[in-house]
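# Notes for the structure review
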Amino acid sequence: MTEARISTAPRVAYQGEPGAYGEMAIVREWGGLAAAVGAPSFSDTLSLLGLGRPDFAVIPVWNSTTGDIHDTRVLLAHHGPRIETVAELTVPVVHCLLGLPGASMTTVRYIGSHPTALAQCRGLFTTRRGLQPCIAYDTAGAARELAALGGNGFASASRNGATAWFEPYGSSDPTALGVIASAAAGRLYRLDVLAESI
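These lines cover the structure that appears in this document, whether it is placed above or below. From a predicted model like this one, the values you see are computed outputs, not experimental measurements.

### Quick word on the overall build of the chain
A tally of regular secondary structure across the chain gives eight helices and ten strands. Its C-alpha radius of gyration of 17 Å places the chain within 12% of the 16 Å reference for a compact globule of 198 residues. Projected onto its principal axes, the C-alpha coordinates of the chain cover approximately 55 × 35 × 30 Å. For the chain, with 198 residues in total, the buried portion stands at 43%. Sequence separation of at least 24 residues holds for 68% of the intrachain contacts in the chain that already meet a minimum separation of 6. As displayed, the chain offers around 10100 Å² of accessible surface, 52% of which is attributable to carbon and sulfur atoms. For the chain, the centre of its 14 positive side-chain charges and the centre of its 16 negative side-chain charges are spaced 3 Å apart.

In structure tokens, the structure reads:
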């Protein structure tokens, strides 16, 4: 179906930064032959698609832990007249707790991630009451911001001048910070896996 619509490698939009689950879905579906285009929000992702900038967009609509992702369902209904659903993808989401070198399960107090990932990992916060969930706009974006703080060779912690997810918490100890993201994001941003399949 994609070959009939587009003669060259498609451009596919997703919400997030490199290492996000949306990017993983693109790699899985197009076998590495599509150009992944990250956008700051699901709304921005669909707006880009509505303008015809990418050829496709990958948008999550449901997950097995929290069910429907209401925000994206509303956005899809709003953009409905301008876009068409062409396929459904299933992508396994395996969250890890990631930290800077030197961090451990005993040092981490603040955990940043996308609100959906935080909700998917509520068991972690229930069993370890001292952990504070912190909202970030993206799982992989939270990982990149933490890597930048740790001096892992990544650009500034904030994105486009926005406040990094950990700044309001004022922790002077970077080992007190962790993120929920994929193991792939951990490898990309050179973060240690502190716990798998959380």
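Once the structure has been displayed, the description carries forward.
### Examining helix 3 (residues 42–50)
Of all the positions in helix 3, only F42, T45, L46, L48 and L49 are classed as buried. Projection of helix 3 onto a plane perpendicular to its axis shows the buried side chains occupying an angular sector of 155°, all on one side. Where helix 3 is buried, its residues touch strand 1 (11–15), strand 2 (35–39), strand 3 (56–57) and helix 4 (70–79). Within two residues after helix 3, G52 carries a phi angle of roughly 80°, on the positive side.

### Quick notes on the nonpolar core
By size, the foremost hydrophobic cluster in this structure holds 29 residues, and its most contacted members are V12, I26, W30, W165, V179, Y189 and L191. Here the element with the most residues in this core is helix 7 (residues 139–149); it accounts for five residues. When neighbours within four sequence positions are excluded, V179 is seen to be in contact with C96, L97, L98, I111, G112, A142, A143, L146, W165 and L191. In terms of nonpolar packing, the next biggest core, distinct from the first, is built from 13 residues, L97, I111, C121 and L194 among them.

### Regarding the environment of T45
On the secondary structure map, T45 appears in helix 3. Note: C-alpha distance between T45 and Y14 (31 residues apart in sequence) is 5.9 Å. Once you skip the residues sitting within four places of it in the chain, T45 turns out to touch A13, Y14, Q15, A39, A57 and I59.

### What to know about the packing of aromatic side chains
Applying the stated criterion to the full structure yields three aromatic pairs. With 5.6 Å between their ring centres and 40° between their planes, W30 and F56 make a pair best called tilted. Residue W30 is found in helix 2 (residues 21–30), and its partner F56 is found in strand 3; the two are separated by 26 residues along the sequence. Neither W30 nor F56 differs from the other in exposure class; each is buried.

### Section: the sheet that holds strand 7 (residues 110–113)
Strand order in the open sheet formed by five strands is 8-7-9-6-10, with mixed pairing between adjacent strands. The sheet is open, and its two borders are formed by strand 8 (132–135) and strand 10 (192–195), each paired with just one other strand. Recorded for the sheet is a direction-independent mean angle of 40° between the axes of neighbouring strands. With three bridges joining them, strand 7 and strand 9 (residues 177–181) adopt parallel strand pairing. Paired with I111 across the strands is G178, a residue of strand 9. Helix-sheet contacts for helix 7 involve strand 6 (96–99), strand 7 and strand 9, and the interaxial angle to strand 9 is about 150°.

Conventions used here
- Residues numbered from 1 in each chain as written.
- Predicted model: local features only at pLDDT ≥ 70, side-chain atom pairs only at ≥ 80, totals over all residues.
- Heavy atoms only, no water.
- Helix = DSSP H or I, 4+ residues; strand = E, 2+ residues; numbered from the N terminus.
- Rg over C-alpha atoms; globule rule 2.2 N^0.38 Å.
- Buried < 20%, exposed > 50% of the residue type's maximum accessible area, 1.4 Å probe, protein only.
- Contact = heavy atoms within 4.5 Å.
- Areas by Shrake-Rupley, 256 points an atom, 1.4 Å probe, with all protein chains shown as cover.
- Lys, Arg positive; Asp, Glu negative; His and termini not counted.
- Charge placed at Lys NZ, Arg CZ, Asp CG, Glu CD.
- Arc of directions from axis to C-beta.
- Core = buried A, V, L, I, M, F, W, Y, C linked by side-chain atoms within 4.5 Å.
- Phe/Tyr/Trp six-rings, centres within 6.5 Å; stacked < 30°, edge-to-face > 60°.
- Pairing = 2+ DSSP bridges.
- Axes fitted to C-alpha atoms, helices over the stretch in contact; angles between N-to-C directions.

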